[in-house]
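An overview of the molecular structure
Listed below are the residues making up each chain.
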Amino acid sequence: MRKRIAGRYAAERRFKYAGLFAVLLSASFLAFLLVTMMGNGLRGFTRTEIALKIDFPASPLLLDPAAITDESLNQANLPMVTDTVAKKLLGADADTLLSPTAWISIRDAIKADPKILSRTETISVPASTGLDLAAKGQGSPEMEAAVARLKQQDVLSTGFNTSFLTASDGTDPTQVGIWGAFKGSLLTMIVTLVLSFPIGVATALYLEEYARKSWWTDIIEVSINNLAAVPSIIFGLLGLSIFLNLAHLPRSAALVGGMTLALMTMPVIVIAGRNAIKSVPPSIRDAALGIGASPVQVVFQHVLPLALPGILTGTIIGMARALGETAPLLMIGMRAFIATPPGGITDPATVLPVQIFLWSDEVSKGFVEKTSAAIIVLLAFLLAMNGLAIYLRNKFETRW
């Protein structure tokens, strides 16, 4: 008997240590992922700039400060001004040290204050990708030597890149940003929530409170459970065939993306809603009916408010899953090059997961850190949504 008891205790300890090892292994992989993303991505939030001292009255830029328009600032002489000043300061290799879109910073400075056209002004413009990587310790020896030379001249600086949070996609990694994709994700999630939440909750209420047990309801339940396990790319094919080919809705729009993701999210909401409604004790229904409440009043004034925390938790988790999906949105064409943020749900748009996919496929090394930085933003978005779900559950959950 003692031998058997000792063996049982030893087996329990082995099981405990095996579980602890599994938890530590999972945590180590998660820590490795986060450290890798942070190490590569935090550099994506910074940008190296070169301070150019421009004598506008002596430059070849011929503009009237009193008549500045967007058309006049998009002329081809703005890059010429940048090249002329850069070659005086940086020498013959100015083309390799300055970003091809550095003239945009000069245009924005003129838009902000047209009076600088009548004086000498120092404007910080983005450095080239090679110089930017060298300033962050990842460049070639030639670029590292250029970094040391420019730092001696006190014209080189590396700081937080605000345009990464306010700009959209582009061909130059020093000028790209996530705002266009972030806004596209917001619009897509709004459409998904508006469509999937009321339909999913209504379906759960009908199946739990009104539908009689029959072969028809059994088929519906099996279908909903199967739809929750269907690969997401199948919903992309469904959206392509119905919303684009049949209904001729605008391609690469947040409206179509939201409708496609709503199809994928709705079964999750239905299952979560049914479980939340089942968790409401029958005594609540009996007490409400006993004091004269109608069946509709019982459902909407007693059962639904008590089940709402569980429904909201399942909804937010389903929305977080939809936010990270890429395959169904690629199928409906939401991989377009979007240089300006979408103005509405029918405008061409992309989303953060697709933007990350597109940047990861770029040849330029400058997009590597931008991809990691965008992943950090997406992870922060997902953590915020899951944190909101936990908060709602803890705040409104009722324990029986």
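For the protein, an unreviewed UniProt entry supplies the name Phosphate transport system permease protein PstA and the organism Sphingobium cupriresistens LL01. Turning to the protein, the UniProt record has this under Sequence similarities (unreviewed entry): "Belongs to the binding-protein-dependent transport system permease family. CysTW subfamily."

Some remarks on the overall build of the protein
In terms of regular secondary structure, the protein is built from 17 helices and 3 strands. The C-alpha radius of gyration of the protein comes to 29 Å, more than 25% above the 21 Å expected for a compact globule of 400 residues. Counting over 400 residues, the protein shows a buried share of 43%. Placing the 33 positive and 29 negative side-chain charges of the protein at their respective mean positions leaves the two points 15 Å apart.

With respect to unusual backbone geometry
Of note in this structure, D154 is not a glycine but carries a positive phi near 60°. With respect to the helices and strands, the residue D154 is situated in the loop between α7 (141-152) and β3 (156-160). Take D154: its relative accessible area is 65%, and that puts it in the exposed class. Phi is positive for H248, close to 55°, though the residue is something other than glycine. With respect to the element layout, H248 can be found in the loop between α11 (232-246) and α12 (254-278).

What about the domain arrangement of the protein?
The domain boundaries assigned to the protein delineate domain 1 (46-160) and domain 2 (178-396). Contacts between the two partners involve 6 residues from domain 1 and, on the opposite side, 5 residues from domain 2. In total, domain 1 and domain 2 occlude about 310 Å² of area from one another, counting both sides; carbon and sulfur atoms represent 46% of this. On the domain 1 side of the interface with domain 2, the three residues burying the most area are T129, L133 and K136, jointly 77% of the side's total. Joining domain 1 to domain 2, the criterion identifies 1 salt bridge. Linking E369 and K136 is a salt bridge whose minimum nitrogen-to-oxygen distance equals 2.9 Å. Our count for the domain 1 to domain 2 interface comes out at 1 residue pair in polar contact (both at pLDDT 80 or more). By residue number, the principal contributor to the side of domain 1 that touches domain 2 is helix α6 (residues 129-135), which donates 3 residues. Grouping the amino acids of the side of domain 1 that touches domain 2 by side-chain chemistry returns 1 nonpolar, 3 polar and 2 charged.

Quick notes on the packing of α12 against helix α14 (residues 295-323)
For the pair α12 and α14, interaxial distance at closest approach is 8 Å and the crossing angle is 150°. In terms of orientation, α12 and α14 fall into the roughly antiparallel class. As for the relative orientation of α12 and α14, their crossing is right-handed in sense. Listed contacts from α14 to L261, M264, T265, V268, I269, A272, G273, A276 and I277 of α12 are V303, A307, G310, I311, G314, T315, G318, M319, R321 and A322. The residue inventory of the contact of α12 with α14, partitioned by class, reads 12 nonpolar, 6 polar and 1 charged.

Points about the UniProt feature "domain: ABC transmembrane type-1" (unreviewed entry) in the protein
Sites flagged by UniProt as "domain: ABC transmembrane type-1" (unreviewed entry) map to residues 182-389. Taken end to end, residues 182-389 is 76% helix and 0% strand, and its two terminal C-alpha atoms sit 21 Å from one another.

Considering the packing of aromatic side chains
One pass over the full model with this rule turns up 6 aromatic pairs. Arranged with centres 5.3 Å apart and planes meeting at 35°, the rings of F182 and F381 form a pair that is tilted. Highlighted residues: F182 in helix α9 (residues 179-210) and F381 in helix α17 (residues 366-396), separated in sequence by 199 residues. F182 sits in the partly exposed class, given a relative accessible area of 21%. Its relative accessible area of 16% is what places F381 among the buried residues. Consider the rings of W215 and W216, whose centres lie 6.1 Å apart with planes at 75°: the pair is edge-to-face. Judged by its relative accessible area of 62%, W215 is exposed. Among the aromatic side chains, those forming a connected cluster through ring pairs are F45, F164, W359 and F367.

A look at the side chain of T371
Along the chain, T371 turns up in helix α17. Classification of T371 as buried rests on a relative accessible area of 10%. Those residues within four positions of T371 in sequence are excluded, and the remaining contacts are I356, W359 and S360.

Some words on the environment of G41
Position of G41 among the secondary structure elements: in helix α1 (residues 2-41). For G41, a relative accessible area of 0% translates into the label buried. Separated by 265 residues in sequence, G41 and L306 place their C-alpha atoms 42 Å apart. With residues near it in sequence (within four places) discarded, G41 still touches E369, S372, A373 and I376.

Rules of the game
- Residues numbered from 1 in each chain as written.
- Predicted model: local features only at pLDDT ≥ 70, side-chain atom pairs only at ≥ 80, totals over all residues.
- Heavy atoms only, no water.
- UniProt positions renumbered as here; feature names shortened; annotations may be inferred.
- Helix = DSSP H or I, 4+ residues; strand = E, 2+ residues; numbered from the N terminus.
- Rg over C-alpha atoms; globule rule 2.2 N^0.38 Å.
- Buried < 20%, exposed > 50% of the residue type's maximum accessible area, 1.4 Å probe, protein only.
- Lys, Arg positive; Asp, Glu negative; His and termini not counted.
- Charge placed at Lys NZ, Arg CZ, Asp CG, Glu CD.
- Domains from an automatic or database assignment.
- Contact = heavy atoms within 4.5 Å.
- Buried area = accessible area lost by both parts, 1.4 Å probe.
- Salt bridge = Lys/Arg side-chain N within 4 Å of Asp/Glu carboxyl O.
- Polar contact = N/O pair within 3.5 Å; in protein donor to acceptor, adjacent residues only side chain to side chain.
- Nonpolar A, V, L, I, M, F, W, Y, C, P; charged D, E, K, R; others polar.
- Axes fitted to C-alpha atoms, helices over the stretch in contact; angles between N-to-C directions.
- Parallel < 35°, antiparallel > 145°, perpendicular 65-115°, else oblique.
- Left-handed = near helix turned anticlockwise from the far one by under 90°.
- Phe/Tyr/Trp six-rings, centres within 6.5 Å; stacked < 30°, edge-to-face > 60°.

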